[in-house]
Amino acid sequence: MTATPAATQHKIFSPARVWAIASNTLLELVRLKLFYFLLLFALVVIGATYFYRDIFQDEFQSLKDVSLGAMWIFTLLLSILPTAMLLPKDMEDRTLYTILAKPVPRFEYLLGKFLGVLLLLFIAVSIMTSVFVAVLYSRERMALTEAVHMTRPDLLQEELGRIRNAAFNESLLPGIVVVYLKGAVCASLTLLLSTFASSMIFTIIVSVVVQIIGHVQPIARDYMLNNVGVSALSRIFFTLVALLIPDLTAFSLVDDMVAGNAISFDLFAKTAALGGLYVTVYFFVAYFVFMGKEL
């Protein structure tokens, strides 16, 4: 009679257990010196864009281009490096066996670990966004002040409007959200690789290679599929690559935002849905691989 509740408790999904694992994972990752080093370096790069005015003619476009580029690079690093060390570190410290020995299913363990990484990315992107917005706002105020003193009265309102539109536009927030979604996709793919990889270094190397392929495979795929001289075997190969590796160029809405182009809600919704689909599929594939893994 007493064994049934325990068995039932082990099978029932518990958000409390998942949150406990996620919060503990976040705490462990935040304590890593790597997190502070990468975040500090990213903030320095973003903060340095404050002084770009005398270097580039279009200061706001250059500021957003460099800042969002830095945000993406460091989000990518934070999505790969901590995720690649989650499972190997827990196995080495025997923490994995201690957790799974309790009434914690592997699904809850893996989900909690992944949510911990997503929380880390959210914190990092939020901090970088705050610094980016502060720098952008400061440059906007300086440009507005100078425009008041240097622009002819009949052209002043037009110039002030141009400066405001160049600094902040409606595509700013969607562009930053897409940066986070792209990082989440990379983290889910890295988690999948770590479930069957032999070492953390192997996971990191393969993850970086996959990111590179994800950015160039649409170009190579279109060339191979549309070129008459390509063999059928090559077409099948590139079709499989397109199915297995995410098309990361689909998350390049930041380029439109930097150029001042408006990101429509439909385009943003489709991109967000695609990102959510990638994350869900990669996570569940990682779970099924992890379920069959001998520990």
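Above this text is the structure in question.
These remarks concern the structure in this document. (Residues numbered from 1 in each chain as written. Predicted model: local features only at pLDDT ≥ 70, side-chain atom pairs only at ≥ 80, totals over all residues. Heavy atoms only, no water.)

Across its full length, the protein carries 12 helices and zero strands. Along its sequence from the N terminus, the protein presents helices and strands in the succession α-α-α-α-α-α-α-α-α-α-α-α. Burial statistics for the protein: of 295 residues in total, 43% are counted as buried. Taking all contacts inside the protein whose residues are at least 6 apart in sequence as the whole, residues at least 24 apart take part in 82%. (Helix = DSSP H or I, 4+ residues; strand = E, 2+ residues; numbered from the N terminus. Buried < 20%, exposed > 50% of the residue type's maximum accessible area, 1.4 Å probe, protein only. Contact = heavy atoms within 4.5 Å.)

This paragraph deals with a nonpolar patch on the surface. A contiguous nonpolar patch, built from Ile236, Leu240, Leu243 and Leu244 and spanning about 440 Å² of accessible area, is present on the exposed surface. Its place among the elements puts Ile236 in helix H10 (residues 232–244). (Patch = residues over 30% accessible without salt bridge, like charges linked within 9 Å, V, L, I, M, F, W, Y side chains within 5 Å. Areas by Shrake-Rupley, 256 points an atom, 1.4 Å probe, with all protein chains shown as cover. Salt bridge = Lys/Arg side-chain N within 4 Å of Asp/Glu carboxyl O.)

To continue, consider the packing of helix H6 (residues 106–150) against helix H12 (residues 265–291). One can describe the packing of H6 onto H12 by two numbers: an axis separation of 10 Å at closest approach and a directional angle of 135 degrees. Classified by the angle between their axes, H6 and H12 sit oblique to one another. The handedness of the crossing between H6 and H12 is right-handed. Taking contact as the criterion, the partners of Arg106, Phe107, Tyr109, Leu110, Leu111 and Phe114 in H6 are, on H12, Val279, Phe283, Phe284, Ala286, Tyr287, Phe290 and Met291. (Axes fitted to C-alpha atoms, helices over the stretch in contact; angles between N-to-C directions. Parallel < 35°, antiparallel > 145°, perpendicular 65-115°, else oblique. Left-handed = near helix turned anticlockwise from the far one by under 90°.)

Let's shift gears to the layout of surface pockets. The volume enclosed by the second largest pocket comes to roughly 200 Å³. If you trace the second largest pocket, you find it lined by Leu189, Leu192, Leu193, Phe196, Val206, Val210, Leu243, Leu244, Ile245, Val281, Tyr282 and Val285. Counting residues per element, the ones that place at least two in the lining of the second largest pocket are helix H8 (172–196), helix H9 (200–226), H10 and H12. Element by element, the count of residues in the lining of the second largest pocket is highest for H8, at four residues. A class-by-class count of the residues in the lining of the second largest pocket yields 12 nonpolar, no polar and no charged. (1 Å grid on protein atoms, 1.4 Å probe; cavity = no way out; pocket = protein on both sides within 12 Å on 5 of 7 lines; lining within 4 Å. Points joined across faces, edges and corners; volume = space filled by probe spheres on them. Nonpolar A, V, L, I, M, F, W, Y, C, P; charged D, E, K, R; others polar.)

Under the criterion given, the structure shown has one cavity of 30 Å³ or more. Considering only enclosed or pocket space, the largest cavity measures out at about 60 Å³ in volume. Every residue along the wall of the largest cavity is listed here: Glu28, Leu29, Leu32, Met85, Leu86, Lys89, Asp90 and Lys113. Mapped by element, the contributors of at least two residues to the lining of the largest cavity are helix H2 (15–30) and helix H4 (59–92).

Turning next to the pattern of salt bridges. Taken as a whole and judged by the stated rule, the model has three salt bridges. Asp90 is the salt-bridge partner of Lys113, the closest N and O atoms lying 2.8 Å from each other. Taken together, the residues Lys113 in helix H6 and Asp90 in helix H4 connect sequence positions 23 residues apart. By relative accessible area, Asp90 is classed as buried at 2%. Each of the salt bridges in this network shares a partner with another, and the network as a whole consists of Glu28, Asp90 and Lys113.

By size, the foremost hydrophobic cluster in this structure holds 72 residues, and its most contacted members are Met71, Tyr109, Leu110, Met128 and Phe132. In terms of residue count, H6 provides more of this core than any other element does, 17 residues in total. Among all residues touching Met128, those that are not within four sequence positions of it are Leu39, Ala42, Leu43, Ile46, Met71, Phe74 and Thr75. (Core = buried A, V, L, I, M, F, W, Y, C linked by side-chain atoms within 4.5 Å.)

In this section: the packing of aromatic side chains. In this structure the tally under the stated criterion is nine aromatic pairs. Considering the side-chain rings of Phe107 and Phe283, the 5.8 Å spacing of their centres and the 70 degrees angle between planes classify their relative orientation as edge-to-face. Placement of Phe107 in helix H6 and of Phe283 in helix H12 is noted, with a sequence separation of 176 residues between them. Under the relative-accessibility criterion, Phe107 is labelled partly exposed at 21%. The exposure class of Phe283 is buried, given its relative accessible area of 5%. Judged by centre distance (6.3 Å) and plane angle (85 degrees), the ring pair of Phe122 and Tyr180 falls under edge-to-face. Residue Phe122 is located in helix H6, and its partner Tyr180 is located in helix H8; the two are separated by 58 residues in the primary sequence. (Phe/Tyr/Trp six-rings, centres within 6.5 Å; stacked < 30°, edge-to-face > 60°.)

Between H8 and H12, whose axes approach to 8 Å, the crossing angle comes to 15 degrees. In terms of orientation, H8 lies roughly parallel with respect to H12. Seen from above, H8 lies across H12 with left-handed handedness. Where H8 abuts H12, its residues Pro174, Val177, Val178, Leu181, Ala184, Val185, Ser188, Leu189, Leu191, Leu192, Thr195 and Phe196 lie against Phe268, Thr271, Ala272, Gly275, Tyr278, Val279, Tyr282, Phe283, Val285, Ala286, Val289 and Phe290. Grouping the amino acids of the contact of H8 with H12 by side-chain chemistry returns 20 nonpolar, four polar and no charged.

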